[in-house]
Amino acid sequence: MGQRRCDVAVVGSLNADLVVGVERRPAPGETVFGSDLATHPGGKGANQAVAAARLGGRAAIVGRVGDDGHGALLRDALAAGGVDLAHLAATPGVPTGVALITVGPDGDNSIIVSPGANARLGPADVEAARALIESAPVVSLQMEVPLPAVEAAAGAAARAGRRVVLNLSPPAPVPDGLLALCDPLVVNEHEASFLLGGSGDPARMAAALAGAGPRSVAVTAGAGGVVVADGRGTAAVPSPRSEAVDTTGAGDAFTAALCLRLARGDSLRDAARYATRAGAAAVRRPGAQSSFPTPEELPAP
Ligand code: RIB
C-alpha cells in the first residue's frame, strides 16, 4: 500500500472461524450432528478491514495473531484482500483467536470467541501505530480486544481530529469518556438493549442512546435496516431484500462500508444508505470475508 493515506484504520481482532452448519443447536448435555467443518478467516477487526478494502477503500489493521497456522491463514487472507499489515504483530506461544460458529438453517449464527492473541493487544500496540491512527480519517473499533487498547486508539484518533467509529460488539460496559468520542456508536438491537438496560424499537433506542453521550448512533436491525441518530435528528434507512445463507460478518460489512463512506465525506445518513447494501450483500454467501461484496456486487438500494 506504500505511503498512500489509509481511509479506514481498524484496531481490532483476528479470529480463525471454525464453522459448522446445524439443523438446531444442542441443549446442555445433548449431542447433535452438523455439517463438515469449514475454517474461514474472521474476527470483527479483520473482517472490517477486508470489507472496506473489497469496496475499494485503503484499509489497515492494528492487531495480534499467534505464531501458528491460524495466524498464517489470517495474514494471508488480509494480504490477499489488500489490507495494510504493517501493524499486525505475532505473539509467540499464544494461539491465534478462534471463533466457534454454528450456522442454522435460516443463516442465523451463534458464536463463541476464544480471544487468544487478541487479548494481548494493548496501548503499546496502539502507540506503535500512532502515525497511522492519527492520519486515517476514520478509526474503526470493536470490542473483541481489551478495552485499554480500544480507549487508547479512540483517544489518539480523537486528539488528532479523526472520526471514531465503535461497534460495541460483543457488548460490554464502556466508560462515558469513550462513548462521548463515538461518531457513530454502532450497535445492533441486542447491544442497544444491553446499554440501555431494556429493549424497545430501534428508533426509540437510537434516540435514547444519542441522548446518552455518543456524538451519533447507528442501531442496526438486520433485514429491518438501520436507524441513525445525530444532531440532525433520527432517520430510518431500510435494507435491500436478501436471501440469507449465512449472516456471519454482515454487521462487519455494514460497519466497514459505513466507515469508508464517512471517510470519503458522506453524511451519516448517506453512509448508512450505502452500508445497508453492503450488509445485505454479505448474507448471500457462506463465511464472513468470503461473503463481502465488491462495489459491483452491491444490491440496488
Ligand atoms: O462478526 C463476525 C465475527 O465475529 C466472526 O468472523 C467471528 O470471528 C467473530 O469475531
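Residues numbered from 1 in each chain as written. Predicted model: local features only at pLDDT ≥ 70, side-chain atom pairs only at ≥ 80, totals over all residues. Heavy atoms only, no water.

The name given to the protein chain in an unreviewed UniProt entry is Ribokinase, and the organism recorded there is Actinomadura coerulea. Annotation of the protein chain in UniProt includes, under Pathway (unreviewed entry), the sentence "Carbohydrate metabolism; D-ribose degradation; D-ribose 5-phosphate from beta-D-ribopyranose: step 2/2." Its UniProt record gives the protein chain a comment under Subunit (unreviewed entry), which states: "Homodimer." (UniProt positions renumbered as here; feature names shortened; annotations may be inferred.)

Novice: Explanation requested: the pairing of strand E9 (residues 163–167) in the structure shown.
Specialist: Put simply, side chains in a regular strand alternate between the two faces of the sheet. For E9, the buried fraction is high: 4 of the 5 residues fall into the buried class. Handedness of the strand E8 (residues 138–141)-helix H5 (residues 147–159)-E9 crossover: right-handed. Taken together, the 3 bridges between E9 and strand E10 (residues 182–188) define a ladder with parallel strand orientation. The residue of E10 that forms the bridge with asparagine 167 is valine 186. (Buried < 20%, exposed > 50% of the residue type's maximum accessible area, 1.4 Å probe, protein only. Helix = DSSP H or I, 4+ residues; strand = E, 2+ residues; numbered from the N terminus. Right-handed = clockwise from strand over helix to strand, strands pointing away. Pairing = 2+ DSSP bridges.)

Novice: Sorry if this is basic, but what is going on with the site of the ligand here?
Specialist: Near the ligand the following residues occur: Asn15, Asp17, Gly42, Gly43, Lys44, Asn47, Ala99, Ile111, Glu144, Gly249 and Asp252. A distance of 2.6 Å is found between an oxygen atom of the ligand and a side-chain nitrogen or oxygen belonging to glutamate 144. Computed on the free molecule, the ligand has an accessible area of 280 Å², of which 96% lies beneath the protein chains in the complex. Contributions of two or more residues to the shell around the ligand are made by strand E2 (15–21) and helix H1 (44–54). (Near = heavy atom within 4 Å. Polar contact = N/O pair within 3.5 Å; in protein donor to acceptor, adjacent residues only side chain to side chain. Areas by Shrake-Rupley, 256 points an atom, 1.4 Å probe, with all protein chains shown as cover.)

Novice: How should the UniProt feature "domain: Carbohydrate kinase PfkB" (unreviewed entry) in the protein chain be read in this particular structure?
Specialist: The feature "domain: Carbohydrate kinase PfkB" (unreviewed entry), as annotated in UniProt, sits at residues 7–294 in this numbering. Note that residues 7–294 is 34% helix and 26% strand, and that its end C-alpha atoms are spaced 16 Å apart.

Novice: In this structure, what is going on with the environment of leucine 298? I would like to understand it.
Specialist: Positionally, leucine 298 belongs in the segment after helix H10 (268–281). For leucine 298, a relative accessible area of 11% translates into the label buried. Once residues within four sequence positions are removed from consideration, leucine 298 is found in contact with Leu55, Tyr274, Arg277, Ala278 and Pro293. (Contact = heavy atoms within 4.5 Å.)

Novice: In this structure, what is going on with the packing of helix H7 (residues 189–196) against helix H8 (residues 202–210)? I would like to understand it.
Specialist: The axes of two packed helices give the description: the angle between them and the distance between them. Remark: H7 packs on H8, axes separated minimally by 10 Å, with the N-to-C direction vectors making an angle of 45°. In terms of axis orientation, H7 runs oblique to H8. The crossing of H7 and H8 is left-handed. Residues Glu189, Ala192, Ser193, Leu195 and Leu196 of H7 form the contact with H8, whose participating residues are Pro202, Met205, Ala208 and Leu209. Residue composition of the contact of H7 with H8, by class: 7 nonpolar, 1 polar and 1 charged. (Axes fitted to C-alpha atoms, helices over the stretch in contact; angles between N-to-C directions. Parallel < 35°, antiparallel > 145°, perpendicular 65-115°, else oblique. Left-handed = near helix turned anticlockwise from the far one by under 90°. Nonpolar A, V, L, I, M, F, W, Y, C, P; charged D, E, K, R; others polar.)

Novice: I keep staring at the sheet that holds strand E5 (residues 84–91) and nothing clicks. Help me out?
Specialist: Strand pairing in a sheet takes place through backbone hydrogen bonds and is either antiparallel or parallel in direction. Taken together, the 9 strands give an open sheet; going across it, the order is E5-E4-E1-E8-E9-E10-E11-E12-E13, and neighbouring strands pair in mixed fashion. Only two strands of the sheet have a single partner each, and these edge strands are E5 and strand E13 (233–237). Strand-to-strand twist across the sheet, computed as the mean angle between neighbouring axes with direction ignored, equals 15°. In this structure, strand E1 (residues 8–11) lies alongside E8, joined through 4 bridges in parallel fashion. In the strand pairing of E8, valine 10 is matched with serine 140. Across the sheet, H1 lies against E1, strand E4 (59–66), E8 and E9, angled at about 150° from E4, the strand it touches most.

Novice: Explain the UniProt feature "binding site: substrate" (unreviewed entry) in the protein chain to me, please; I cannot follow it from the model alone.
Specialist: With numbering aligned to this structure, UniProt lists the feature "binding site: substrate" (unreviewed entry) at Asn15, Ala16, Asp17, Gly43, Lys44, Gly45, Ala46, Asn47, Glu144 and Asp252. Examined against the element boundaries, glycine 45 turns out to sit in helix H1. With a relative accessible area of 0%, glycine 45 lands in the buried category.

Novice: Which parts of the structure should I look at to understand the nonpolar core?
Specialist: Across soluble globular proteins, nonpolar side chains show a tendency to be buried alongside one another. Counting residues in hydrophobic clusters, the biggest one holds 47 residues, and the most contacted among them are Leu14, Ile61, Leu78, Val83 and Leu258. For this core, the element with the highest residue contribution is helix H9 (residues 250–263), accounting for 10 residues. Residues Val126, Ala129, Cys182 and Met205 belong to the second largest nonpolar core, which totals 39 residues. (Core = buried A, V, L, I, M, F, W, Y, C linked by side-chain atoms within 4.5 Å.)

Novice: Is there a simple way to think about the sheet that holds strand E3 (residues 38–42) in this case?
Specialist: Taken together, the 4 strands give an open sheet; going across it, the order is E3-E2-E6-E7, and neighbouring strands pair in mixed fashion. In this open sheet, the two strands that pair with only one neighbour each are E3 and strand E7 (109–114). The mean inter-strand angle of the sheet, taken between neighbouring strand axes irrespective of direction, is 25°. As judged from the 7 bridges shared by E2 and strand E6 (residues 97–103), these two strands associate in the parallel manner. For aspartate 17, the partnering residue across the bridge sits in E6 and is alanine 99. Packing against the sheet, helix H2 (residues 69–80) makes contact with E2, E3 and E6, and its axis sits at approximately 60° to E3.

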